[in-house]
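# Summary of the model geometry
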Amino acid sequence: MDDNMKLSTFAALTIVFLGFYGIFGSLMHYMLPRKRAGEGEVVEEESENNNSNIKDVTVSPPIKKHRISTTDAADLTADNKIVTTGDNSSNYSNTCVDEPSVMASRDVNHNDIDEDLHSRQLAVYGRETMRRLFASNILISGMQGLGAEIAKNLILAGVKSVTLHDEGVVEMWDLSSSFVFSENDVGKNRALASLQKLQELNNAVVISTITTTLTKQKLSDFQFFYFDSVESLPVEPLDPIDFKPLNNRYDAQISVFGSKLQKNLEDAKVFIVGSGALGCEFLKNVALMGVSCGSQGKLTITDDDVIEKSNLSRQFLFRDWNIGQAKSTVAASAAVSINPQLKIEALQNRVGPETEFVFNDDFWENLTVVINALDNVDARLYVDQRCLYFQKPLLESGTLGAKCNTQMVIPHLTENYGASRDPPEKQAPMCTVHSFPHNIDHCLTWARSEFEGLLEKTPAEVNAYLSNPSEYATAMRNAADAQAKDNLERILQCLEQEKCETFQDCVTWARLRFEDYFVNRVKQLTFTFPEDATTSTGAPFWSAPKRFPRPLQFSTTDPSHLQFIMAASILRAETFGIPVPDWVKNTKMLAKAVEKVIVPDFQPKEGVKIETIETDERATSLSTGSVDDAAVINELLFKLERCRNNLPSGFRMKPIQFEKDDDTNYHMDLIAGLANMRARNYSIPEVDKLKAKFIAGRIIPAIATSTAMATGLVCLELYKVLDGAHKVEDYRNTFANLALPLFSMAEPVPPKVMKHRDMSWTVWDRWILRGNPTVRELIQWLKDKGLNAYSISYGSCLLFNNVFPRHKERLDKKVVDVAREIAKEDLPPYRSHLDVVVACEDDEDNDINIPQISIYYR
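Rules of the game
Residues numbered from 1 in each chain as written. Predicted model: local features only at pLDDT ≥ 70, side-chain atom pairs only at ≥ 80, totals over all residues. Heavy atoms only, no water. Helix = DSSP H or I, 4+ residues; strand = E, 2+ residues; numbered from the N terminus. Buried < 20%, exposed > 50% of the residue type's maximum accessible area, 1.4 Å probe, protein only. Contact = heavy atoms within 4.5 Å. Areas by Shrake-Rupley, 256 points an atom, 1.4 Å probe, with all protein chains shown as cover. Phe/Tyr/Trp six-rings, centres within 6.5 Å; stacked < 30°, edge-to-face > 60°. Lys NZ or Arg CZ within 6 Å of the ring centre and 35° of its normal. Core = buried A, V, L, I, M, F, W, Y, C linked by side-chain atoms within 4.5 Å. Salt bridge = Lys/Arg side-chain N within 4 Å of Asp/Glu carboxyl O. Pairing = 2+ DSSP bridges. Axes fitted to C-alpha atoms, helices over the stretch in contact; angles between N-to-C directions. pLDDT = per-residue confidence, 0-100. UniProt positions renumbered as here; feature names shortened; annotations may be inferred. Parallel < 35°, antiparallel > 145°, perpendicular 65-115°, else oblique. Left-handed = near helix turned anticlockwise from the far one by under 90°. Nonpolar A, V, L, I, M, F, W, Y, C, P; charged D, E, K, R; others polar. Right-handed = clockwise from strand over helix to strand, strands pointing away. Patch = residues over 30% accessible without salt bridge, like charges linked within 9 Å, V, L, I, M, F, W, Y side chains within 5 Å. Expected span 1.5 Å × (residues − 1).

### Describing the overall build of the protein chain
Helix and strand content of the protein chain: 25 helices and 25 strands. By residue count, 52% of the 858 residues in the protein chain fall in the buried class. The contacts of the protein chain with a sequence gap of at least 6 include a subset with a gap of at least 24, amounting to 69%. When the accessible surface of the protein chain is totalled, it reaches about 40700 Å², and 50% of it is carbon and sulfur.

Structural data, given as structure tokens:
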């Protein structure tokens with residue numbers, strides 16, 4: 001192997017290793033970018049390369065456009081700010097190319113972070129590491145499958161620049177291993193063919209190419225990579241794999257797995273639930289693998305969500321022009337662009353009980369395998385139950401920041417996903433959140449609750465009342481409870497005392513809300529529980545973790561106070577359909593509007609009871625005493641009717657649903673303002689809007705690398721599932737933490753086996769009885785198995801129990817007819833059977849937990 005080959009191969013193995021350490025928080029400071037002279041300027045110098053008279057061009061962020069020469073030479077400047085590229089044998093002409101189609105540069109500082117775009121990644125790394133990441137220059141040598149995958153992750157992560165190196169050309173088999181190539185790229189240089197596709201992922205990253213031999217001198221120009229000579233390399237590079245001549249897209253894969261598995265891949269019927277970060281990565285992988293590309297194959301993907309800005313930094317199938325579009329539709333279209341043979345159907349349905357008419361029995365029974373790409377436990381549990389019921393393999397995975405895990409759920413071989421559950425997260429007591437916060441999480445939880453109550457729930461309740469006043473009034477009278485009274489009070493307050501008709505009214509509302517939240521409530525609390533208050537045991541009431549609060553003094557000179565007023569008044573105006581004037585964003589004009597508001601003096605009330613975690617008699621209940629709720633409800637309904645008559649015809653409010661990922665909608669501004677003012681009351685350290693978004697928005701930290709790893713591991717197991725006839729010990733569940741690094745693989749846990757006589761079953765088993773049997777026939781069928789049935793249930797309805805004499809009349813009726821009669825509901829037309837739970841005993845009167853029984857009546 002000559003020196004150039006060694007360097008090229010070594011770059012593919014070692015530079016990536018060192019590059020990732022330099023990016024993701026390594027202490028190797030020499031691998032971090034150095035400050036450069038002449039920042040913001042273009043500097044032209046004569047090249048030292050004797051083989052070329054091309055000038056080295058230094059490009060720094062403020063420059064909008066430059067030229068790349070596609071000549072026969074390649075050179076790197078000392079600080080790797082631009083790479084000229086060349087290739088004699090490619091189909092590209094030796095002409096200059098405008099930068100937007102080849103590489104892009106931002107007209108801003110590269111250290112700036114778009115916190116809306118990179119919020120999930122910031123939750124993992126933090127600002128400082130992200131700034132270092134954004135300043136990194138990376139070389140990737142070898143643009144086949146591995147190189148493209150590394151480039152994808154780096155570009156999505158937001159590195160400053162990436163240089164792609166490859167001397168080879170795209171071959172047909174590259175199409176099944178590298179998502180960046182299409183059939184039109186066959187015969188073109190790999191680095192150049194990769195450039196445009198990768199550029200689409202993040203047009204703020206400068207991407208350049210080297211298409212000729214990468215010499216030792218050129219390699220050493222990279223600031224984070226140094227060595228003295230080829231002989232000093234620590235390991236002998238591996239020889240490239242010598243494949244036979246490849247003519248087909250999947251020849252390389254067939255040479256590893258064989259044609260039988262390839263046929264199974266192409267004819268597989270796969271269901272991917274979700275098209276977010278995991279879903280996009282799965283789509284890319286299955287498209288490259290050739291899944292569902294045959295005449296019998298079909299890939300179904302579903303997601304009821306739309307693309308948000310924060311998706312773009314983690315989900316490579318989406319672009320900024322896709323924002324607001326349906327995730328599944330866009331993702332499916334992008335997957336087909338990777339592999340036009342893919343047979344895919346994109347749906348916009350949530351998978352759950354309410355959509356079983358879409359995902360009906362025929363749908364589930366015809367599936368080969370299910371892949372979860374979900375972000376919540378409830379949906380995972382539902383899909384798990386469906387896979388159990390129809391005995392379908394479920395490939396489960398999840399990520400949390402740098403962590404990822406995979407779980408294989410294989411019929412009759414492994415336990416199901418729901419067999420084990422994580423302990424529930426501890427929640428702070430409501431009294432702590434409402435009256436005694438002692439950390440910022442409590443303040444943000446309260447702020448999120450107030451946002452939803454004021455701007456979403458109350459306007460929605462107002463609309464429910466106005467849509468059908470008489471029906472709403474009847475429902476409230478029938479309920480006649482504290483909740484009904486509370487709903488009516490909130491509607492009346494919104495439409496009468498706090499009704500807004502002009503934007504000045506909205507400013508008034510916001511100013512009075514400030515006074516209520518951060519002044520009056522604190523004064524009332526400290527009046528009820530003075531600083532020297534004690535509990536019934538004589539202990540100090542205000543002892544840790546409680547913090548004694550102090551009211552705020554509103555000031556138009558405090559920017560945080562005005563910011564709160566601005567966000568609150570804008571959102572209040574939105575709920576009432578009031579136009580927002582431009583002057584609200586002018587500090588002086590907003591301050592003048594606020595100064596017009598008359599704020600009444602507050603007088604604390606005696607006898608107000610506030611809930612506490614203690615059992616003190618003075619503070620154990622929120623109730624105000626025994627009140628005739630029915631009488632109060634009638635009085636409130638009378639006032640509401642009078643108020644409704646004064647409203648414009650057709651008046652409706654606009655409820656605002658919290659959206660954390662739109663940085664222009666003022667939602668997080670209000671929540672951060674609410675939380676920080678409350679934190680100031682209790683002397684709790686405040687947080688910036690980004691940290692508030694992480695907590696209040698319940699953002700799940702995510703990075704492209706752990707997503708890629710999780711989906712890659714799942715797809716390795718997918719090969720085994722589709723190959724068939726594998727034992728449980730052949731499968732692997734994985735847990736990995738890329739930050740440590742920790743990689744742990746284990747065989748899946750087998751399902752628990754239950755036995756009776758010569759029978760055995762697991763959670764995977766479902767007993768089936770066809771022919772539309774009667775209740776008596778069902779009981780006899782079980783009797784033949786040595787099981788004495790004494791109770792039969794359908795859902796929450798008891799169909800039969802032998803202790804009730806009247807139930808004996810049902811013995812000769814069809815089970816399905818008894819179910820219709822008792823449940824008083826029509827069985828859906830898409831269902832051909834009903835499921836019953838039968839309680840059984842053996843001959844010794846021991847209860848036997850048998851599988852669910854499906855009664856087929858069609």
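### Some words on the packing of aromatic side chains
For any pair of aromatic rings, the description rests on two quantities: the centre-to-centre distance and the angle between the ring planes. Enumeration according to the criterion identifies 28 aromatic pairs in this entry. Ring centres of tyrosine 465 and tyrosine 472 lie 5.8 Å apart, and the angle between their planes is 75°; this geometry places the pair in the edge-to-face category. Across the ring face of tryptophan 781, the terminal group of lysine 785 is positioned such that the distance to the ring centre comes to 4.6 Å.

### Description of unusual backbone geometry
When glycine is set aside, most residues are seen to have a negative phi, and most peptide bonds are trans. Cis rather than trans, the peptide bond between alanine 544 and proline 545 has omega equal to 10°. With an omega of -10°, the peptide bond running from leucine 740 to proline 741 counts as cis. Its place among the elements puts proline 741 in the loop between strand S16 (733-737) and strand S17 (742-746). At tyrosine 666, a residue that is not glycine, the phi angle is positive and equals roughly 70°. Relative to the helices and strands, tyrosine 666 resides in the loop between helix H20 (629-644) and helix H21 (667-681). A positive phi is found at aspartate 845, a non-glycine position, where the angle reads about 65°. Along the chain, the position of aspartate 845 falls in the loop between strand S23 (833-841) and strand S24 (847-848).

### Quick notes on the nonpolar core
Counting residues in hydrophobic clusters, the biggest one holds 83 residues, and the most contacted among them are Leu198, Ile272, Leu317, Leu395 and Leu718. Sequence-distant contacts of leucine 198, defined by excluding residues within four places in its chain, comprise Met143, Ala148, Ala151, Lys152, Ile155, Leu164, Phe179, Val180 and Ile207. In this structure, Tyr517, Ala533, Phe651 and Ile671 belong to the second largest nonpolar core, which totals 80 residues.

### Some remarks on the pattern of salt bridges
Tallying each qualifying case throughout the model produces 44 salt bridges. A salt bridge links aspartate 361 to arginine 831, with the shortest nitrogen-to-oxygen separation between them at 3.2 Å. Of this pair, aspartate 361 sits in helix H11 (residues 361-365) while arginine 831 sits in the loop between helix H25 (815-823) and S23, placing them 470 residues apart in sequence. Assigned by exposure class, aspartate 361 and arginine 831 land together as buried. Arginine 776 serves as the salt-bridge partner of aspartate 812, at 2.8 Å between the closest nitrogen and oxygen. Of this pair, aspartate 812 sits in the loop between strand S22 (797-801) and H25 while arginine 776 sits in helix H24 (residues 775-783); the two residues are 36 residues apart in sequence, bridging distant segments of the chain. Given the relative accessible area of 56%, aspartate 812 is considered exposed. Here arginine 776 falls in the partly exposed class, since its relative accessible area comes to 41%. Bridged by salt links that share partners, the residues Glu498, Arg513, Asp516, Arg521 and Arg572 form one connected network.

### Section: the sheet that holds strand S12 (residues 344-347)
Read across the sheet, eight strands follow the order S12-S11-S10-S13-S14-S15-S16-S17 without closing on themselves; strand pairing throughout is mixed. Here the strands that pair on one side only, and so sit at the sheet edges, are S12 and S17. Adjacent strand axes in the sheet meet at a mean angle of 10°, parallel and antiparallel pairs treated alike. Relative to strand S15 (residues 403-409), strand S14 (residues 394-400) runs antiparallel, the two being bridged by seven bridges.

### Quick notes on the confidence of the model for the protein chain
Of all residues in the protein chain, 81% have pLDDT values of 70 or greater, and the mean over the chain is 82. Scored below 50 in pLDDT, residues 1-111 shows 228 contacts in the model against residues more than four places distant or in partner chains. Under a pLDDT of 50 for its full length, residues 223-243 has, in the predicted model, 42 contacts with residues more than four places off or in other chains.

### Thoughts on the environment of isoleucine 207
Structurally, isoleucine 207 is set in strand S9 (residues 206-210). Overall, isoleucine 207 belongs to the buried group, its relative accessible area being 0%. Residues isoleucine 207 and leucine 195, 12 residues apart in the sequence, show an inter-C-alpha distance of 6.8 Å.

### Observations regarding the UniProt feature "active site" (unreviewed entry) in the protein chain
Following the UniProt record, the feature "active site" (unreviewed entry) maps to Cys431 here. With respect to the helices and strands, the residue cysteine 431 is situated in helix H13 (residues 430-435).

### Observations regarding the sheet that holds strand S7 (residues 137-141)
One open sheet accounts for three strands, arranged S7-S8-S9; its pairing is parallel. Sheet topology places S7 and S9 at the edges, where each strand pairs with a single neighbour. Strand-to-strand, the axes of this sheet are offset by a mean angle of 20°, without reference to chain direction. As paired strands, strand S8 (residues 161-165) and S9 are joined by five bridges and run parallel to one another. Bridged to histidine 165 within S9 is isoleucine 210. Helix H4 (residues 145-157) rests against S7, S8 and S9 of the sheet, and its axis sits at about 165° to S7. The strands that helix H5 (residues 190-199) touches are S8 and S9; relative to S9, the one it contacts most, it runs at about 170°.

### Some thoughts on the packing of helix H14 (residues 440-467) against H21
Axis separation between H14 and H21 bottoms out at 8 Å; the angle between their running directions is 130°. By the angle class used here, H14 and H21 are oblique. The two elements H14 and H21 cross, and the hand of that crossing is right-handed. Side by side, H14 and H21 meet where Ile440, Cys443, Leu444, Trp446, Ala447, Arg448, Glu450, Phe451 and Leu455 of the first sit next to His667, Leu670, Ile671, Leu674, Ala675, Asn676, Arg678 and Ala679 of the second. Considering only residue class, the contact of H14 with H21 consists of 12 nonpolar, two polar and three charged.

### Considering the packing of helix H16 (residues 482-497) against H20
Between H16 and H20, the least distance of the axes is 10 Å, while the angle of their chain directions is 25°. In terms of their interaxial angle, H16 and H20 are classed as roughly parallel. For H16 against H20, the interelement crossing comes out left-handed. Contacts from Ala482, Ala484, Lys485, Leu488, Glu489, Ile491, Leu492, Leu495 and Glu496 of H16 reach H20 at Asp629, Val632, Ile633, Leu636, Leu637, Lys639, Leu640 and Cys643. Across the contact of H16 with H20, the residue classes tally to 12 nonpolar, no polar and five charged.

### What to know about the pairing of strand S11 (residues 298-302)
Among the five residues of S11, four are classified as buried, and the element is accordingly described as predominantly covered. The pairing of strand S10 (residues 269-273) with S11 spans five bridges and is parallel. Bridging from a neighbouring strand, lysine 269 pairs with lysine 298 of S11. Where the polypeptide runs from S10 across helix H9 (residues 277-289) and back to S11, its parallel neighbour, the crossover connection is right-handed. You can see the chain leave S11, run along helix H10 (residues 327-338) and come back into S12, and the turn it takes is right-handed.

### Re a nonpolar patch on the surface
Taken together, Phe735, Leu740 and Leu742 make up a surface patch of nonpolar side chains, about 280 Å² in accessible area. Note that phenylalanine 735 resides in strand S16.

### Examining the pairing of strand S21 (residues 788-794)
Where S21 and S23 come together, five bridges link them in antiparallel fashion. By the bridge assignment for S23, isoleucine 792 is matched with valine 838. Bridge count for S21 against S22 is four bridges, and the pairing is antiparallel. Each bridged residue has a counterpart across the sheet, and for tyrosine 794 the counterpart in S22 is cysteine 797. Hairpin remark: S21 followed by S22, antiparallel, with two residues in the connecting loop; positive phi at glycine 795, about 60°.

### Things to note about helix H18 (residues 559-576)
With 18 residues, H18 extends 26 Å between its outermost C-alpha atoms, agreeing within 8% with the 26 Å of an ideal straight helix rising 1.5 Å per residue. Counting buried residues in H18 gives 14 out of 18 residues, a clear majority hidden from the surface. Residue glycine 577 follows H18 closely and has a positive phi angle near 70°.

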